Amino acid sequence: MNPFDFLKLIKEKTNCKSYNIAEQIYEKLTNKSYIDSNANETIDNSIIKKFDDIYINKPDYPYEYILGYIKSFDKIITVNENVLIPRQETEYLIDLIIKENINKKNLNILDICTGSGYIAICLSCLNYKAITATDISSLAIETAKHNSKINNVDIRFINCSYIDEVKNEGKLYDIITCNPPYIEPTDDYGHEIKYEPDIALFTNNTIEPYRIVLKDLHKVLSKNGIAYFETSSLHHNRYKLLEDEFKCFKFSFVKDNSNKYRYMIVKFA
């Protein structure tokens, strides 16, 4: 198989949206630049078979895991099966947070359920004093530490559930972010997530992760601080019920660029 046909195979199997991404995967698999290849070359059969076997055994396998990284906000974020693949919806939230806080100084930032560290690392463009990130998965923390290192961002990582290890430290945060597991087993979700870690995706009750954080949020949120949560558009009406349960906070709900409610913003009332 020549380089052009292998590139077509990559694009077809991965269902990636552009030849640019396919070329990046080509380079990762062959250790050669596609631009420098020529029609007379032949791709080693072992490389083709190794790639083809992935999609025989794992239909719909995310191309991001084959590539091994994503690029976003001028950052390179390593991704693997221990962490979620950052989505456009999370990128939209990060953009919102940056725009709302770009002129503030000496910010203490807390990222809950950090996964790959994507949100925490991207928010390092703000004028921050310190960044802390938590995750229940030690494997996710390992990946996030690697990402902070390659992006030259100093982050304190804590392997714990939600804010268990930070709620009694007495430290207050000006920006708190949280993208918790919110998919219920009966929800209608896409097949593309089946290779991502269940612990970061699924919960028996979509409200419970938010309730866990909100009940202790007063211990970690500064007086004028803001907490940003990513939510499921399928359960928007259920999240609104939290307003009656936690009356010390003011809630607002924001739509994503698909006009779906995907974010919950919380401040002290």
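That block above? That's the structure.
Let me sum up the structure you'll find in this document. In this text, all values refer to a predicted model and were calculated from it rather than measured experimentally. (Residues numbered from 1 in each chain as written. Predicted model: local features only at pLDDT ≥ 70, side-chain atom pairs only at ≥ 80, totals over all residues. Heavy atoms only, no water.)

## Structural notes on the pairing of strand 4 (residues 128–135)
So, point 1. Strand direction decides the pairing type here: strand 3 (residues 107–112) and strand 4, joined by 6 bridges, are parallel. Following the sheet pairing, leucine 110 is matched in strand 4 by threonine 132.
So, point 2. Strand direction decides the pairing type here: strand 4 and strand 5 (residues 156–159), joined by 4 bridges, are parallel. Bridge pairing links threonine 134 to isoleucine 158 in strand 5.
So, point 3. Taking the sense of rotation as the criterion, the β-α-β connection linking strand 4, helix 7 (residues 138–150) and strand 5 turns out right-handed. (Pairing = 2+ DSSP bridges. Helix = DSSP H or I, 4+ residues; strand = E, 2+ residues; numbered from the N terminus. Right-handed = clockwise from strand over helix to strand, strands pointing away.)

## Description of the environment of tyrosine 210
So, point 1. Along the chain, the position of tyrosine 210 falls in helix 9 (residues 208–214).
So, point 2. On the accessibility criterion, tyrosine 210 (0% relative accessible area) is buried.
So, point 3. A C-alpha to C-alpha distance of 9.9 Å links tyrosine 210 and methionine 264, two positions 54 residues apart in sequence.
So, point 4. Once residues lying within four places of it in the same chain are set aside, the contact partners of tyrosine 210 are Pro180, Tyr182, Phe229, Glu230, Thr231, Ser232, Tyr239, Leu242 and Met264. (Buried < 20%, exposed > 50% of the residue type's maximum accessible area, 1.4 Å probe, protein only. Contact = heavy atoms within 4.5 Å.)

## A few points about the environment of serine 72
So, point 1. Mapped onto the secondary structure, serine 72 falls in strand 1 (residues 69–72).
So, point 2. On the basis of relative accessible area, serine 72 is assigned to the buried category, the value being 6%.
So, point 3. As for serine 72 and cysteine 122, which are separated by 50 residues in sequence, their C-alpha atoms are 8.0 Å apart.
So, point 4. Among all residues touching serine 72, those that are not within four sequence positions of it are Glu91, Tyr118 and Cys122.

## Quick word on the sheet that holds strand 9 (residues 261–268)
So, point 1. One open sheet accounts for 7 strands, arranged 5-4-3-6-7-9-8; its pairing is mixed. The strands lining the two open edges of the sheet, one partner per strand, are strand 5 and strand 8 (249–255). Put simply, the sheet's adjacent strands are angled 15° from each other on average, direction ignored.
So, point 2. Judged from the 5 bridges that link them, strand 6 (residues 173–178) and strand 7 (residues 221–230) form a sheet pairing that is parallel. Looking across to strand 7, one finds that tyrosine 173 is bridged to leucine 221.
So, point 3. Strands strand 3, strand 6, strand 7, strand 8 and strand 9 of the sheet are contacted by helix 5 (residues 88–101), whose axis makes an angle of about 160° with strand 7.
So, point 4. Packing against the sheet, helix 7 makes contact with strand 4 and strand 5, and its axis sits at approximately 170° to strand 5. (Axes fitted to C-alpha atoms, helices over the stretch in contact; angles between N-to-C directions.)

## Considerations on the packing of helix 1 (residues 3–14) against helix 2 (residues 19–30)
So, point 1. Look at helix 1 against helix 2: their axes get within 9 Å of each other, and the N-to-C directions meet at 110°. On the basis of the axis angle, helix 1 is roughly perpendicular to helix 2. Crossing of helix 1 over helix 2 shows right-handed handedness. Counted together, Pro3, Phe6, Leu7, Lys8, Ile10, Lys11 and Thr14 of helix 1 and Tyr19, Ala22, Glu23, Ile25, Tyr26, Leu29 and Thr30 of helix 2 form the full contact between these two elements.
So, point 2. Of the residues assigned to the contact of helix 1 with helix 2, the class counts are 9 nonpolar, 2 polar and 3 charged. (Parallel < 35°, antiparallel > 145°, perpendicular 65-115°, else oblique. Left-handed = near helix turned anticlockwise from the far one by under 90°. Nonpolar A, V, L, I, M, F, W, Y, C, P; charged D, E, K, R; others polar.)

## Examining the packing of helix 1 against helix 3 (residues 45–57)
Two packed helices can be described by the angle between their axes and the distance between those axes.
So, point 1. Here helix 1 crosses helix 3 at 15°, and the two axes come no closer than 10 Å. Accordingly, the angle class assigned to the pair helix 1 and helix 3 is roughly parallel. The way helix 1 lies across helix 3 gives a crossing that is left-handed. Contacts between helix 1 and helix 3 involve Phe6, Leu9, Ile10, Lys13 and Thr14 on the former and, on the latter, Ile47, Ile48, Phe51, Asp52 and Tyr55.

## Digging into the packing of aromatic side chains
So, point 1. For the structure shown, the criterion picks out 11 aromatic pairs.
So, point 2. Ring geometry for tyrosine 61 and tyrosine 65: centres 5.9 Å apart, planes at 50°, overall tilted. Exposure class is identical for tyrosine 61 and tyrosine 65. Each is buried.
So, point 3. Between phenylalanine 249 and phenylalanine 268, the ring centres sit 5.2 Å apart and the planes meet at 35°, which makes this aromatic pair tilted. With phenylalanine 249 in strand 8 and phenylalanine 268 in strand 9, the pair connects residues that are 19 residues apart, well separated along the chain.
So, point 4. The buried category is assigned to phenylalanine 249, whose relative accessible area is 5%.
So, point 5. Clustering of aromatic rings is evident, with ring pairs tying together Phe6, Tyr26, Tyr34, Phe51 and Tyr55.
So, point 6. Lysine 11 extends its terminal NZ or CZ atom over the ring of tyrosine 19, reaching a point 5.2 Å from the ring centre. (Phe/Tyr/Trp six-rings, centres within 6.5 Å; stacked < 30°, edge-to-face > 60°. Lys NZ or Arg CZ within 6 Å of the ring centre and 35° of its normal.)

Remember, this is a structural readout, not a statement about activity or role.
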